[in-house]
Amino acid sequence: MAAGYLDILRARHAARLLTGTLVGRLPNGTANIAIVLFVRAEGGSYTLAGALAAVYGLATAVGQPLLGRAVDLYGQPRVQLPAAVVSALGMAVLAVAGCGFLPLAYAAVAVAGLFTPPLEGGLRALWPSVLGGEDRVHRAYAMDAVAQEVMFTAGPLLVTLLVALWSPAAALLVINAIGVLGALSVVLSEPSRTWRSAPREAHWLGALRSPGLLALLGSFFFVGLALGSITVAGMAYADDHGRESVYGWLMAAFGLGALIGGTVYGARQWTGAPERRLRVIVGLLALGYLPLMLTPGPVAMTVLAAVSGVFLAPAVACSFIVVDRHAPRGTVTEAFSWLVTTFGVGAAVGTAVAGPAVELGGTAWSFAVAGAGGVAALLVLLATGPVLSAPARTAVAVRGSENDRNGAVEPGFSSGHQA
C-alpha cells in the first residue's frame, strides 16, 4: 500500500506540487476559524463572525470557476500567483483595519474569497503530465483526497497555535503569507510553467455545457450538504453531553475514517466504469450517515462517526476521475473548480439547514439532514445514470505529454471501450 504512494511521491515534481498546493490552500482551509477567532478578539459578535465567514465562502464559490476558466485560457502562473497575492492582501486589510468599519471588513473578506487561487483544480490538471500512467494518476487523485483531510485537520490546529503564540490578527497574516509561498512554489515548477490547456470550443457555459458534469455537480452538492450539516450536528451532540471535547473527538473520528478509506482506496488498482463505482461508493457513504441519527453514547457515537467517514475520500477521489472524463476539452481546471464550488455551497446550505433542524427536533434531526443529503446524492447519480454513462469524450493518458492533462482515465479504459 505505502509503496504505491511512495512511487507517486518519487516522481519528478510530484512531492513539490502536492506540498505547494496544500500549503497554498491553507488560507482557504482555515479561513472560517481564523475569521471567527479574529472577530471575537476584536469584540465582535458570533453573528458578525458568521456573516463575514459566509461572505468569504460565497465569494470563493463565485471566484473558483471564474479563475479556473482563466487558468485554462491563460496558463497557471499568470493567474494563480496574482490571485494568491490579492487574496492575501484582502485578509491583511481585515487584520490591520479590524471590524470597526464594517463595509471595509466585508469588502476585505469578499476580495480574499473571490481571488482564492484555484490551486486544487490546477493540481489535478497537472497530474497526468507529471505521472503519465493511468494507474498512477488514479492513485494520485486518491492521495490528493487523503492529503486534503490532513490539511483540514492540521490547518485549524496551526491557526490556534498562532493565536496562542501571538494573536488572531497575526494568525491571519502568517497563514496568508504562507499561502502565497505555497502558490509561488507551484507556479515556479516546470510542469506549471509549461502546462497549456488543450484547445477549447468557445462557449459561454464553458465546462457547464457537459450534462455529465452537471449530474456530478448535482450529486456532490448534496454530499457537501451532508458534510456541512454534520458540523452543526456534532456541536449539538457535544452540547447534549455537556463536554466540548466530545465535538473534537467526533470530528477527529470523521477525519480518521476518511484517511483510512482514502488510503485503502488509492492502494488498489480499480477496473470498470468509474461512474458505476461512484454510485456504489456514494450509496455506502449515505448508508454510513444514517446510523448517526441513533445518537448513542459518546464512545459508540465516535465509532459511528469514524465508520461514516470511511467512504468520503474514496467518493471524492472517484469524482475526480469522473470530472476529467466529462469535462469538455480545454476546460478541466474550470470543471474541477466547479466541483469545489458546488461542494462548498452544499456544505454552507447544510450548515444553514442543520441549525433549524436542531431547534425543531433535536440533535437526531440534524444528523437526519446528513442522512437525507447522502440519500439525495445517490438518487441524483441513479437518476442521471444514462448521462453519466456516456462521457463527452473518452481519453487516454499520454505518457510524457506536458499538455494532455485531460488524458487521465482509470485502468480498464481505452479509447472507445468500457470494461
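## A few points about the overall build of the protein chain
Okay, step 1: Helices and strands together make up the secondary structure of the protein chain, namely 18 helices and two strands.
Okay, step 2: Taking the intrachain contacts of the protein chain between residues at least 6 apart in sequence as the baseline, contacts between residues at least 24 apart amount to 82%.
Okay, step 3: When the accessible surface of the protein chain is split by element, carbon and sulfur atoms take 70% of a total near 16,300 Å².

## Here's the deal with the environment of Gly113
Okay, step 1: Along the chain, Gly113 turns up in helix α6 (residues 102–114).
Okay, step 2: Linking Gly113 and Val62, residues 51 residues apart in sequence, is a C-alpha distance of 8.5 Å.

## Regarding the pattern of salt bridges
Two side chains that carry opposite charge are able to pair once their charged atoms sit near each other.
Okay, step 1: Evaluation of the coordinates by the stated rule reveals four salt bridges.
Okay, step 2: Salt-bridge contacts for Glu120 lead to Arg25; the nearest nitrogen and oxygen are separated by 3.1 Å. Placement of Glu120 in helix α7 (residues 119–131) and of Arg25 in the loop between α2 (14–24) and α3 (26–41) is noted, with a sequence separation of 95 residues between them. The pair Glu120 / Arg25 is uniform in exposure class, with both members buried.
Okay, step 3: Measuring nitrogen to oxygen at the nearest pair gives 2.9 Å for the salt bridge that ties Glu275 to Arg325. Of the two residues, Glu275 is situated in helix α13 (residues 274–289) and Arg325 in helix α15 (residues 312–326); the sequence distance between them amounts to 50 residues. For the pair Glu275 and Arg325, a shared accessibility class is recorded, and that class is buried.

## Quick notes on the packing of aromatic side chains
Okay, step 1: Evaluation of the coordinates by the stated rule reveals three aromatic pairs.
Okay, step 2: With a centroid separation of 5.1 Å and an interplanar angle of 85°, the aromatic rings of Phe221 and Phe222 are classed as edge-to-face.
Okay, step 3: Look at Phe221 and you get partly exposed, because its relative accessible area is 22%.
Okay, step 4: Taken together, a centroid distance of 6.1 Å and an interplanar angle of 85° make the contact between Phe320 and Phe336 edge-to-face. Within this pair, whereas Phe320 is found in helix α15, its partner Phe336 is found in helix α16 (residues 332–361), the two being separated by 16 residues in sequence.
Okay, step 5: Overall, the relative accessible area of 0% leaves Phe336 in the buried class.

## Some words on the packing of helix α11 (residues 211–240) against helix α17 (residues 363–383)
Okay, step 1: Running from N to C, α11 and α17 point in directions that differ by 165°, and their axes come no closer than 8 Å. It follows from the interaxial angle that α11 and α17 lie roughly antiparallel. Classified by chirality, the crossing of α17 by α11 is left-handed.
Okay, step 2: Classifying every residue of the contact of α11 with α17 gives 16 nonpolar, eight polar and one charged.

## Comments concerning the packing of α11 against α13
Okay, step 1: Where α11 meets α13, the closest approach of the two axes is 12 Å, and the angle between their N-to-C directions is 25°. Between α11 and α13, the angle falls in the class roughly parallel. Seen from above, α11 lies across α13 with left-handed handedness. Here α11 contributes Leu216, Phe220, Val223, Ala226, Leu227 and Ile230 to the contact with α13, which in turn contributes Leu278, Leu285 and Tyr289.
Okay, step 2: Residues belonging to the contact of α11 with α13 are distributed by class as follows: nine nonpolar, no polar and no charged.

## Brief notes about unusual backbone geometry
Okay, step 1: At His13, a position not held by glycine, the phi torsion is positive, near 80°.
Okay, step 2: For His13, the position within the fold is in the loop between α1 (2–10) and α2.

## Describing helix α5 (residues 77–97)
Okay, step 1: When the terminal C-alpha atoms of α5 are compared, their 30 Å separation across 21 residues agrees well with the 30 Å that a helix rising 1.5 Å per residue should span.
Okay, step 2: For α5, the complete set of buried residues consists of Val79, Gln80, Ala83, Ala84, Ser87, Ala88, Gly90, Met91, Leu94 and Ala95. Here the buried residues of α5 occupy an arc of 150° about the axis, which is enough to place them on one side. In α5, the exposed positions that point more than 90 degrees away from the buried face belong to Arg78, Leu89 and Val96.
Okay, step 3: Downstream of α5 by one or two residues, Gly98 has phi in the positive range, about 75°.

## Considerations on the side chain of Thr342
Okay, step 1: Mapped onto the secondary structure, Thr342 falls in helix α16.
Okay, step 2: Non-local contacts of Thr342, meaning those with residues more than four positions away in its chain, are made with Leu217, Phe220 and Phe221.

## Concerning the environment of Val387
Okay, step 1: Mapped onto the fold, Val387 is located in helix α18 (residues 385–388).
Okay, step 2: We classify Val387 as partly exposed; its relative accessible area is 33%.
Okay, step 3: In this structure, the C-alpha to C-alpha distance between Val387 and Pro211, residues 176 residues apart in sequence, is 6.5 Å.
Okay, step 4: Excluding its chain neighbours within four sequence positions, the residues that come into contact with Val387 are Pro211, Gly212 and His326.

## Focus on α16
Okay, step 1: The end-to-end C-alpha separation of α16 is 42 Å, in line with the 44 Å expected for 30 residues at 1.5 Å each.
Okay, step 2: Gly362 sits one or two positions beyond α16 and adopts a positive phi of about 95°.

## Focus: the environment of Ala286
Okay, step 1: Within the element layout of this structure, Ala286 appears in helix α13.
Okay, step 2: Placed 26 residues apart in sequence, Ala286 and Leu312 show a C-alpha to C-alpha distance of 9.8 Å.
Okay, step 3: Residues within four places of Ala286 in sequence aside, it is in contact with Gly374 and Val375.

Rules used in this analysis
Residues numbered from 1 in each chain as written. Predicted model: local features only at pLDDT ≥ 70, side-chain atom pairs only at ≥ 80, totals over all residues. Heavy atoms only, no water. Helix = DSSP H or I, 4+ residues; strand = E, 2+ residues; numbered from the N terminus. Contact = heavy atoms within 4.5 Å. Areas by Shrake-Rupley, 256 points an atom, 1.4 Å probe, with all protein chains shown as cover. Salt bridge = Lys/Arg side-chain N within 4 Å of Asp/Glu carboxyl O. Buried < 20%, exposed > 50% of the residue type's maximum accessible area, 1.4 Å probe, protein only. Phe/Tyr/Trp six-rings, centres within 6.5 Å; stacked < 30°, edge-to-face > 60°. Axes fitted to C-alpha atoms, helices over the stretch in contact; angles between N-to-C directions. Parallel < 35°, antiparallel > 145°, perpendicular 65-115°, else oblique. Left-handed = near helix turned anticlockwise from the far one by under 90°. Nonpolar A, V, L, I, M, F, W, Y, C, P; charged D, E, K, R; others polar. Expected span 1.5 Å × (residues − 1). Arc of directions from axis to C-beta.

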